[in-house]
Amino acid sequence: MKKIIYILILLIISCQISTLFTSCVEVDDFNDTPRDNFEALWKIMDEKYCFFTSKEVDWNQVHDKYSLRINDNMRTDSLFTVLNEMLQELKDGHVNLYSSWDIGRYWKWFEDYPKNFDADLIDDYLGTDYRYVSGMKYKILEDSIGYISYRDFSSGISIASLDYILFSFVKCKGIIIDVRNNGGGTLSNVTEFVSRFANEKTLVGYIQHKTGKGHDDFSEPYPKYIEPSERIRYLGPTIVLTNRQCYSATNEFVSNMRIFPQVIIMGDVTGGGGGLPFSSELPNGWSVRFSACPNLDNNKQQIEFGIEPDISVRLLKSDVDKGEDTLIETAKKTIKKIYN
């Protein structure tokens, strides 16, 4: 019953949203022409997208700007380009336009930031004797500090796997959870993982859903809780390493984990992605994915713009040249200081 509370909330809200979405903006109201596809996309986003106000986007102005580039004689690929550029005005990594030959996407949410990650360094720390299960590479580093590298929340987390990993760290001074370059995945995996660090039922955030077509038509925030797992839990010093490419479900993971007293978030601000995504279809068969439900932290603050670390650390070239990862080394020193 521990993780079911969170999952049921999402299912209930998803059902409410699905009902709302199927009752408005029918594609049958538009023909398959460049102009109608443009107007259909603009209207879908106008009525369903959830971050217009928080991002201070004037969607009417965006309409007028891109409408000038639409004509019924334009090529299909040119239409795709214009529609994708219009969507990029939202600066949202959860907004995508899908055709049979391309996926429109916005990547500047991480491209304009330092990487703070070097995969070769991670391989050096892990060596060849690490263990690997449920998408997690893990081992005990020198000085008796546990280390987990997890780069995809789409990789299923089994209960038995977490039991074994955390049991192997039982005598460690602390553990490092490295989720840098983890672009997200499945929220149920987040819930399962986070529950291993909770000592009591904990309010971790809120979620809202659209209740109407207006940009600010939202339900009251609905609370989300994490129940402590009845299996093996870890309550010792824990440091979560982040960079800008921590997105979507990983952003949610970091937002949840920072609440617990034994956890320190270290590295760079995460990439955000705090909107639960949904999809709709255009008259020509293209589909659009968009942020529909805003997730809030436990103080009802937006997490769309990323989570600030408790301790900001950048990967230094001087350390890389020595074969060291600045973030991992800083995390190790911090754990040893807490332990001692």
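In the block above lies the structure referred to throughout.
All values reported here derive from a predicted model rather than from experimental measurement.

(A) Representation of the nonpolar core in the model. One finds M45, I177, F193 and F253 to be the most contacted residues of the largest nonpolar core, which totals 67 residues. With six residues, the single largest contributor to this core is helix α4 (residues 76-88). For I177, the residues in contact, after removing those within four places along its chain, are I148, F193, F197, T238, I239, V240, L241, F253 and M257. Listed in part, the 19 residues of the second largest apolar core include I122, Y147, I176 and L241.

(B) Looking closely at the pairing of strand β11 (residues 275-281). Alignment of β11 against strand β12 (residues 287-296), held across seven bridges, turns out to be antiparallel. Considered in β12, the bridge of P277 is made with S291. Linkage of β11 to β12, two consecutive antiparallel strands, is achieved through a turn of five residues, within which G285 is found at a positive phi near 95 degrees.

(C) Region of interest: the sheet that holds strand β5 (residues 145-150). Spatial ordering of the open sheet is given by β3-β4-β5-β6-β9-β10-β13, a layout of seven strands whose pairing is mixed. A strand with exactly one partner marks an edge of an open sheet, and here the two such strands are β3 (131-133) and β13 (311-312). Taken together, the two bridges between strand β10 (residues 263-267) and β13 define a ladder with parallel strand orientation. In the sheet register, M266 faces β13, and the bridge partner there is I311. Packed onto the sheet, helix α7 (residues 159-168) meets β3, β4 (136-141), β5 and β6 (174-178) and runs at close to 15 degrees relative to β4.

(D) Local environment of the packing of helix α2 (residues 34-48) against α4. Packing of α2 against α4 brings their axes to within 11 Å, and their N-to-C directions diverge by 20 degrees. In terms of axis orientation, α2 runs roughly parallel to α4. Considering only the axes of α2 and α4, their crossing is right-handed. Contacts from P34, N37, F38, L41, W42 and M45 in α2 reach L79, L83, M86 and L87 in α4.

Rules and cut-offs
Residues numbered from 1 in each chain as written. Predicted model: local features only at pLDDT ≥ 70, side-chain atom pairs only at ≥ 80, totals over all residues. Heavy atoms only, no water. Core = buried A, V, L, I, M, F, W, Y, C linked by side-chain atoms within 4.5 Å. Buried < 20%, exposed > 50% of the residue type's maximum accessible area, 1.4 Å probe, protein only. Helix = DSSP H or I, 4+ residues; strand = E, 2+ residues; numbered from the N terminus. Contact = heavy atoms within 4.5 Å. Pairing = 2+ DSSP bridges. Axes fitted to C-alpha atoms, helices over the stretch in contact; angles between N-to-C directions. Parallel < 35°, antiparallel > 145°, perpendicular 65-115°, else oblique. Left-handed = near helix turned anticlockwise from the far one by under 90°.

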